[in-house]
Amino acid sequence: MKLRVCIAADHGGFDLKNELYVRLKNKYEVVDLGASAFDDNDDYPDFVMLVVRAITSGQAERGILVCGSGVGACIAANKVPGIRAGLCHDTYSAHQGVEHDNMNVLCLGGRVIGIELAVALAEAFLSSSFSEGERHRRRLQKVLFIEKEFRRNE
Ligand code: RB5
């Protein structure tokens, strides 16, 4: 069964997202959640919302978010319990982030990298899986503890 991946971008990542969708769609079950048209005035949190909803509801297993730098999308995505987003512009982090940290959203900067690196990063991210190693699970439990602790004290 193909991995279900959702992808979205604001205007800063619009072109890269469209190119990436075309390059990935035959190998993975990719759902393009927008933007569907270029809008210089759109806001990245709106697209983050679509991707995180798809993942937390189980419609998709992984997400790829593209904004201008990848930073805003990464910050917004990590606000959501159960989302582990990483901004990766090197392939080591793109696979190690999944293997050790169970990263489920890859953030990319459409104004920072080109399509060939974006494809290599997406492939590294999508072809990796969590190690299930005891030390990695322990660290993730501690990440979860931080999440719970701060939610409780709000
Ligand atoms: C949009 O101009 C830009 O600020 C946004 O795409 C992103 O880079 C934010 O981190």
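Structure first, text after, so check above.
Residues numbered from 1 in each chain as written. Predicted model: local features only at pLDDT ≥ 70, side-chain atom pairs only at ≥ 80, totals over all residues. Heavy atoms only, no water.

J.: How should the overall build of the protein chain be read in this particular structure?
T.: The helix and strand inventory of the protein chain stands at six helices and five strands. Its helices and strands in sequence order give the protein chain the pattern β-α-β-α-β-α-β-α-β-α-α, from N to C terminus. For 154 residues, the compact-globule formula gives about 15 Å, and the C-alpha radius of gyration of the protein chain, at 15 Å, lands near that figure. Its C-alpha atoms give the protein chain principal-axis dimensions of roughly 40 × 35 × 30 Å. Taking all 154 residues of the protein chain together, 44% fall into the buried category. Once local pairs closer than 6 in sequence are excluded, the contacts in the protein chain between residues at least 24 apart make up 66%. Just so you have it, the protein chain exposes about 8,300 Å², and 52% of that area is on carbon and sulfur atoms. Distance between charge centroids for the protein chain: 9 Å, based on 19 positive and 21 negative side chains. (Helix = DSSP H or I, 4+ residues; strand = E, 2+ residues; numbered from the N terminus. Rg over C-alpha atoms; globule rule 2.2 N^0.38 Å. Buried < 20%, exposed > 50% of the residue type's maximum accessible area, 1.4 Å probe, protein only. Contact = heavy atoms within 4.5 Å. Areas by Shrake-Rupley, 256 points an atom, 1.4 Å probe, with all protein chains shown as cover. Lys, Arg positive; Asp, Glu negative; His and termini not counted. Charge placed at Lys NZ, Arg CZ, Asp CG, Glu CD.)

J.: Just to check I follow, could you spell out the packing of aromatic side chains for this structure?
T.: The geometry of an aromatic ring pair is captured by two quantities: the separation of the ring centres and the angle between the planes. Within this structure, the stated rule accounts for one aromatic pair. Measuring from ring centre to ring centre gives 5.8 Å for Phe 14 and Phe 38, while their planes differ by 70 degrees; the resulting arrangement is edge-to-face. Of this pair, Phe 14 sits in helix α1 (residues 14-24) while Phe 38 is found in the loop between β2 (29-32) and α2 (44-56), placing the two residues 24 residues apart along the sequence. The class for Phe 14 is buried, based on a relative accessible area of 10%. Its guanidinium or amino end placed over the ring of Phe 125, Arg 62 lies 5.2 Å from that ring's centre, counting from NZ or CZ. (Phe/Tyr/Trp six-rings, centres within 6.5 Å; stacked < 30°, edge-to-face > 60°. Lys NZ or Arg CZ within 6 Å of the ring centre and 35° of its normal.)

J.: It is not clear to me how a negative patch on the surface should be interpreted in this structure. Could you clarify?
T.: A cluster of acidic residues, Asp 39, Asp 40, Asp 43 and Asp 46, forms a negative patch at the surface. The residue Asp 39 is located in the loop between β2 and α2 in this model. The exposure class assigned to Asp 39 is partly exposed, which follows from its relative accessible area of 38%. (Patch = residues over 30% accessible without salt bridge, like charges linked within 9 Å, V, L, I, M, F, W, Y side chains within 5 Å. Salt bridge = Lys/Arg side-chain N within 4 Å of Asp/Glu carboxyl O.)

J.: Would you mind showing me how to read the state of the cysteines here?
T.: Taken as a whole, this structure holds zero disulfides when the rule is applied. Its sulfur unpaired, Cys 88 is 8.0 Å from the next cysteine sulfur, which belongs to Cys 74. (Disulfide = S-S within 2.5 Å.)

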